[in-house]
Amino acid sequence: MSKRAEDGPEPGSRLVGRAGWLLVVCGFVLLPWLYVLATGLPDTATAAHWPVAWVGLDALEAVGLIATGVLAARGDRRHPLAATAVATLLVIDAWFDTTTAAAGSDLATAAAMALCAELPLAALCAWLAVRAPGQRA
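Residues numbered from 1 in each chain as written. Predicted model: local features only at pLDDT ≥ 70, side-chain atom pairs only at ≥ 80, totals over all residues. Heavy atoms only, no water.

Caption draft 1: Spatial organisation of the overall build of the protein chain. If you tally the helices and strands in the protein chain, you get 5 helices and 0 strands. Within the protein chain, the fraction of its 137 residues that count as buried is 17%. Contacts in the protein chain between residues far apart in sequence, at least 24 positions, make up 61% of those at least 6 positions apart. For the protein chain, the accessible area works out to roughly 10500 Å², and carbon and sulfur atoms hold 70% of it. (Helix = DSSP H or I, 4+ residues; strand = E, 2+ residues; numbered from the N terminus. Buried < 20%, exposed > 50% of the residue type's maximum accessible area, 1.4 Å probe, protein only. Contact = heavy atoms within 4.5 Å. Areas by Shrake-Rupley, 256 points an atom, 1.4 Å probe, with all protein chains shown as cover.)

In structure tokens form, the structure reads like this:
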């Protein structure tokens, strides 16, 4: 039997478990809200600070890619945290680029960026995030 099993649960694990269940409940509470959004939002909208939103998202991606790359290159065990965040940002960027693009060349450009840049980079970051520390590729 392992030392942990003999000593009982780790300190704080009960709090983590409760936080986990709280997140599950919040997720289920959010489900009816999805219906409200799907049936109540307009098909189009004008957004204030649209360029700031997109530049900010891409800036976060750039900083995240650099940080993840530096951490991974140095063998820092924290690189999976950065990689997870960047993979998430890249998938979100691909989603919003393609779903907000106008039909035609804008949509083609968004799809090309998603398929050739954002999603492959997200997959690389996801691979870095789940790969066991010290495991050879």
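Once the structure has been displayed, the description carries forward.
Caption draft 2: Here's a closer look at the packing of helix α3 (residues 50–73) against helix α4 (residues 79–100). One can describe the packing of α3 onto α4 by two numbers: an axis separation of 9 Å at closest approach and a directional angle of 150°. When the axis of α3 is compared with that of α4, the two are roughly antiparallel. When the axes of α3 and α4 are compared, the crossing they make is left-handed. Here Trp 50, Trp 54, Leu 57, Asp 58, Leu 60, Glu 61, Gly 64, Leu 65, Thr 68, Leu 71 and Ala 72 of α3 lie close against α4, whose contacting residues are His 79, Ala 82, Ala 83, Val 86, Leu 89, Leu 90, Asp 93, Phe 96, Asp 97 and Thr 100. Looking at the contact of α3 with α4 residue by residue, the class counts come to 13 nonpolar, 4 polar and 4 charged. (Axes fitted to C-alpha atoms, helices over the stretch in contact; angles between N-to-C directions. Parallel < 35°, antiparallel > 145°, perpendicular 65-115°, else oblique. Left-handed = near helix turned anticlockwise from the far one by under 90°. Nonpolar A, V, L, I, M, F, W, Y, C, P; charged D, E, K, R; others polar.)

Caption draft 3: Up close: the packing of α4 against helix α5 (residues 105–130). The contact between α4 and α5 brings their axes to 8 Å, and the two run at 165°. Relative to α5, the element α4 lies roughly antiparallel. Every pair of crossing elements has a handedness; the one defined by α4 and α5 is left-handed. Between α4 and α5, the contacting residues are His 79, Pro 80, Ala 83, Thr 84, Val 86, Ala 87, Leu 90, Val 91, Asp 93, Ala 94, Asp 97 and Thr 98 on the first element and Leu 107, Ala 110, Ala 111, Ala 114, Glu 118, Leu 119, Leu 121, Ala 122, Cys 125, Ala 126, Leu 128 and Ala 129 on the second. Of the residues that constitute the contact of α4 with α5, the class distribution is 18 nonpolar, 3 polar and 3 charged.

Keep in mind these numbers describe shape, not what the thing actually does.
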